[in-house]
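What follows is each chain in one-letter form.
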Amino acid sequence: MDGPAAEQLALEGLPVAPARRRPRRAGPVPIAESAPVARVCVDLPPPHLDRPFEYLVPASMDAAARPGTRVKVRFGAQDVDAYVLERVDEAEHEGALAPVRRVVSGEPVVTPAVLRLARAVADRWAGTLADVLRLAVPPRHARVEAEDVAELPPAHGAGRPLSGEAWAPYRGGAAFLQHLAGGGTPRAVWTALPGPAGERWPDAIAQAVAACAVSGRGSLVVVPDARDLDRVLAALEAAGVEGAVRLAADDGPAPRYRSFLAVLRGRSRVVVGTRASAFAPVADLGLVVCWDDGDGLHAEPRAPYPHAREVLALRAELEGAAFLVGGASRSVEAQALVATGWAREVVADRATVRARTPRVRALTSVELAREGPAAAARLPGPAWRAIREALARGPVLVQVPRAGYVPVVACARCRAAARCGVCHGPLGVPAHGAIPTCAWCARLATDWRCSECGHDQLRSVRVGSERTAEELGRAFPGVTVRASGSRAASGVLATVPDGPALVVATPGAEPVAPAGYAAAVLLDAGVATSGASLRTGEDALRRWLAAASLVRAADDGGQVLVVGDGEERVTQALVRWDPAGFAARELDERAQLALPPAVRVATVTGPREAVAAVVARVDGAEVLGPVPVDGPAPRGSLVPDVRTVLRVPRAHGTALAAELRASLAVRSARREGGTVRVQLDPADLT
DNA sequence: AGCACGCCGACT
DNA sequence: GTCGGCGTGCTC
């Protein structure tokens, strides 16, 4: 059992003093009798350490060192945190095993199901298990852990009779619910109708959760932000689902860990949370839901950059759970789930859509040609008149595509974008009334002159919400103006009263009006649909539909105006209220151009040589680039990073991820320099 | 990641 | 002649 005698090489003549340190313990500590070997995942970042290491479990820790618990182990010369993956009888490791030093807590925070999911996520996104577990398991909070466990609330589902009313308007909606209630695992891509006050979708989700509870299973609902979280929780309560747990990283360490433990200890089997809760240890998981999956908040910004929708899809497969992804719009990725037959679409028919949605009108420069020069105004006459008229009937929502104050300025005469006279960077106005400043070199544009027409006056072209609120206040004297947005003085508003008011909001910050808005005006359509990213059009449509969904139906006088020259197909998709058609066309086009999600793509970003080394070890992928990335060089370097794009058919996605993982492991073992970032299916591919 | 061991420059 | 640079290698 003991190490080979060779280890006891006698070193005669050495002073005896160091030997005095050794005998801390009189003999080897007694080792656990059954399954004495713990296979652990050490919590260290380098990819080449992403494999199990084996330790002996001292008998004293036998009961506590269960699979899923956090332990401390000696790794090399340091003490590191680790998770017990499993307990086994025999070690695979040939050499001697070190003992587990300490069990940090007996709480088995990584359940077998979550471990399997985390491993799959690490593999899929070319990351490490340790990285994924760091996303999946909230930091421990010892005091919270010691708190008394509240007793189990009565099982939900035994409550009130099941309602499926919110699903009635959708083709396949009732079937989806029945399937759920019967213990099935349907998968649906759902395009939500606007409801009264835009609040029907939380009810639909709550009813799906309730149906799943009837089958005795738990549910997990992932939403983009805290506002949506509150809405779903309220709807769950209204639907009679009790004891749902709120799980959001920005609730703070103690509440977060408390909620996590409540789920882990089986106190609740319904979780509503933000992206990291896709890993929540819900027992008997029957349903996973991703609401508004096109929202960028679902994309995890930390390595390995998994997306909540994809994590949930993976999880639905691994745990045999039903899957529901939905939104007012449809992401191209969700469309791909439909196109491959992995999920079925759940949508309302045209007549229902027409009956529920407001009238949408596009005010493009063509439409406005007859208005003459005034058409160039940001708020053209017809829009002004529509707002005036709608204000008599209720609140009017004004959506502006950018937060904050005027980021970009243009020549007041010819409207050419104003550029810095020295470095040609874009000019912006950093604060109200400030002098226009170059966004690249920070020089003040004091004696600016237009390079196109020689004019010397500037005007704002991409106007932020604060400025809009200010302008609208002047255009409609006496009317209350409320601003909602992260940069607005009053922050993000959840709701506004039903009375007449102008509500100026940035995308995602639109408050709900209980009786619906009388009208919505979507400003600067040209700005909203212009951008280099693959998802620019999809994003614009998603934001427009989210705002338009808060407006009353056309029959109740609800009206939406899109102002500006937005991209034709996006504008048309909004006018026709056809997000599914838009997503289908977009996916077709991506297939033709070999763009994701029709193919799988990975980006490798970092210093030129480092990227080249990583890419050189990857076989069988089409290599695009490298190209220098925009923006400033990373700190401590004069050379900008480069980015290489790797492209493979979807079916080779797993293999690509595996090769990248292997390449990164070689890289970290060899200590190739620089910082390299690998992203699979990056959200912001340009 | 840390920390060892292991071969080539400027200093006591 | 040593102290010490950080280039490979390993950690159960």
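These figures come from a predicted structure and were not determined experimentally.

Asks: I tried to follow the confidence of the model for chain A on my own but got confused; where do I start?
Replies: Predicted coordinates in areas of low pLDDT are best not read in detail. Per-residue confidence for chain A averages 86 on the pLDDT scale, and 83% of its residues sit at or above 70. Contacts for the low-pLDDT stretch residues 1-26, under 50 throughout, to residues beyond four places or in other chains number 0 contacts. For residues 154-158, every residue scores under 50 in pLDDT, and the model assigns this stretch 6 contacts once sequence neighbours within four places are set aside.

Asks: What exactly am I supposed to notice about the sheet that holds strand β26 (residues 642-649) here?
Replies: Picture the strands of a sheet paired through backbone hydrogen bonds; they go either parallel or antiparallel. With respect to topology, 4 strands assemble into an open sheet ordered β25-β26-β24-β27, the strand pairing being antiparallel. Looking at the sheet topology across the chains shown, the edges are occupied by β25 (622-628) and β27 (677-680). Neighbouring strand axes in the sheet, compared pairwise and without regard to direction, differ in orientation by 15° on average. Pairing of strand β24 (residues 599-606) with β26 involves 8 bridges; the strand directions are antiparallel. Across the sheet, residue Thr 603 finds its bridge partner in β26, namely Val 645.

Asks: When you look at the pairing of strand β13 (residues 344-348) in this model, what are you seeing that I'm missing?
Replies: Relative to β13, strand β6 (residues 170-171) runs antiparallel, the two sharing 2 bridges. Along β13, the bridge assignment pairs Tyr 170 with Ala 348. Of the strand pairs in this sheet, strand β7 (residues 187-191) and β13 are connected by 3 bridges, and their pairing is parallel. When the bridges of β13 are listed, Trp 190 appears paired with Val 346.

Asks: So what exactly am I meant to see when it comes to the packing of aromatic side chains here?
Replies: Any two aromatic rings considered together are summarised by their centre-to-centre distance and by the angle between their planes. In the structure shown here, the tally under the stated rule is 10 aromatic pairs. On the basis of an interplanar angle of 85° and a centroid distance of 6.0 Å, the ring pair of Tyr 170 and Trp 190 is categorised as edge-to-face. One end of the pair, Tyr 170, is in strand β6; the other, Trp 190, is in strand β7, and 20 residues separate them in sequence. The exposure classification of Tyr 170 matches that of Trp 190, with both residues buried. Here a set of aromatic residues connected by ring pairs shows up, and it is made of Trp 167, Tyr 170, Phe 176, Trp 190, Trp 201 and Trp 291. Seen from the ring of Trp 125, Arg 124 lies directly overhead, with NZ or CZ sitting 4.4 Å from the centre. Lying over the aromatic face of Tyr 305, Arg 677 brings its terminal NZ or CZ to 5.5 Å of the ring centre.

Asks: Where do I start with the protein's contact with DNA strand B in this structure?
Replies: As a matter of local geometry, DNA strand B sits amid Pro 45, Pro 46, His 48, Leu 49, Ala 77, Gln 78 and Arg 671. Take the atoms of DNA strand B that sit within 4 Å of the protein: sugar and phosphate atoms are 39% of them. Here His 48 contributes a side-chain N or O atom positioned 3.2 Å from a base nitrogen of DNA strand B. Take Arg 671: an N or O atom from its side chain is 2.8 Å from a base nitrogen of DNA strand B. Tallied by class, residues from the surface near DNA strand B come to 4 nonpolar, 2 polar and 1 charged.

Asks: Sorry, what's going on with the protein's contact with DNA strand C here?
Replies: Taken together, the neighbourhood of DNA strand C is formed by 14 residues, with Leu 49, Glu 54, His 93, Ala 98 and Arg 671 sitting nearest. Note that a base nitrogen of DNA strand C is positioned 3.2 Å from one of the side-chain N or O atoms of Arg 51. For DNA strand C, a phosphate oxygen lies 3.5 Å from a polar atom in the side chain of Tyr 55. Mapped by element, the contributors of at least two residues to the surface near DNA strand C are β2 (53-56) and β3 (70-75). In terms of residues, the surface near DNA strand C owes the most to one element, β2, which gives 3 residues.

Asks: Quick question: what am I supposed to make of the UniProt feature "binding site: Zn(2+) 1" (unreviewed entry) in chain A here?
Replies: In the numbering adopted here, UniProt assigns the feature "binding site: Zn(2+) 1" (unreviewed entry) to Cys 411, Cys 414, Cys 450 and Cys 453. Its location among the elements puts Cys 453 in the loop between β18 (437-438) and β19 (458-462). Residue Cys 453 is classed as partly exposed on the basis of its relative accessible area, which comes to 28%.

Asks: Whenever I open this one, the sheet that holds strand β22 (residues 519-522) confuses me. Can you help?
Replies: Spatial ordering of the open sheet is given by β14-β23-β22-β15-β21-β20, a layout of 6 strands whose pairing is parallel. Each having just a single partner strand, β14 (359-363) and β20 (481-484) make up the two edges of the open sheet. For this sheet the average axis-to-axis angle between neighbouring strands, irrespective of direction, equals 20°. Sheet strands touched by helix α11 (residues 381-391): β14, β15 (396-399), β21 (502-505), β22 and β23 (559-563). Its angle to β23, the strand with the most contacts, is close to 155°.

Asks: I tried to follow the packing of helix α15 (residues 568-575) against helix α16 (residues 579-593) on my own but got confused; where do I start?
Replies: Two measures define how a pair of helices packs: the angle their axes make with one another and the distance between the axes. Taken N-terminus to C-terminus, the directions of α15 and α16 make an angle of 155°; their axes are 10 Å apart at the nearest point. Judged by the inter-axis angle, α15 sits roughly antiparallel to α16. For the pair α15 and α16, contact is made by Arg 569, Val 570 and Ala 573 and by Phe 582, Arg 585, Glu 586 and Glu 589, respectively. Its residues assigned to classes, the contact of α15 with α16 shows 3 nonpolar, no polar and 4 charged.

Asks: Sorry if this is basic, but what is going on with the pairing of strand β11 (residues 285-291) here?
Replies: Two faces belong to every sheet, and in a regular strand the side chains alternate between them. The element β11 is largely enclosed, with a buried count of 7 among its 7 residues. As paired elements, strand β8 (residues 218-222) and β11 share 5 bridges and run parallel to each other. In the sheet register, Val 222 faces β11, and the bridge partner there is Cys 290. Where β11 lies against strand β12 (residues 322-327), 5 bridges are found, and the strand directions are parallel. Paired with Leu 287 across the two strands is Ala 322, which belongs to β12. Taken together, β11, helix α8 (residues 308-319) and β12 constitute a β-α-β crossover, and its handedness is right-handed.

What counts and how
Residues numbered from 1 in each chain as written. Chains lettered and ligands numbered in written order. Predicted model: local features only at pLDDT ≥ 70, side-chain atom pairs only at ≥ 80, totals over all residues. Heavy atoms only, no water. pLDDT = per-residue confidence, 0-100. Contact = heavy atoms within 4.5 Å. Pairing = 2+ DSSP bridges. Helix = DSSP H or I, 4+ residues; strand = E, 2+ residues; numbered from the N terminus. Axes fitted to C-alpha atoms, helices over the stretch in contact; angles between N-to-C directions. Phe/Tyr/Trp six-rings, centres within 6.5 Å; stacked < 30°, edge-to-face > 60°. Buried < 20%, exposed > 50% of the residue type's maximum accessible area, 1.4 Å probe, protein only. Lys NZ or Arg CZ within 6 Å of the ring centre and 35° of its normal. Near = heavy atom within 4 Å. Polar contact = N/O pair within 3.5 Å; in protein donor to acceptor, adjacent residues only side chain to side chain. Nonpolar A, V, L, I, M, F, W, Y, C, P; charged D, E, K, R; others polar. UniProt positions renumbered as here; feature names shortened; annotations may be inferred. Parallel < 35°, antiparallel > 145°, perpendicular 65-115°, else oblique. Right-handed = clockwise from strand over helix to strand, strands pointing away.

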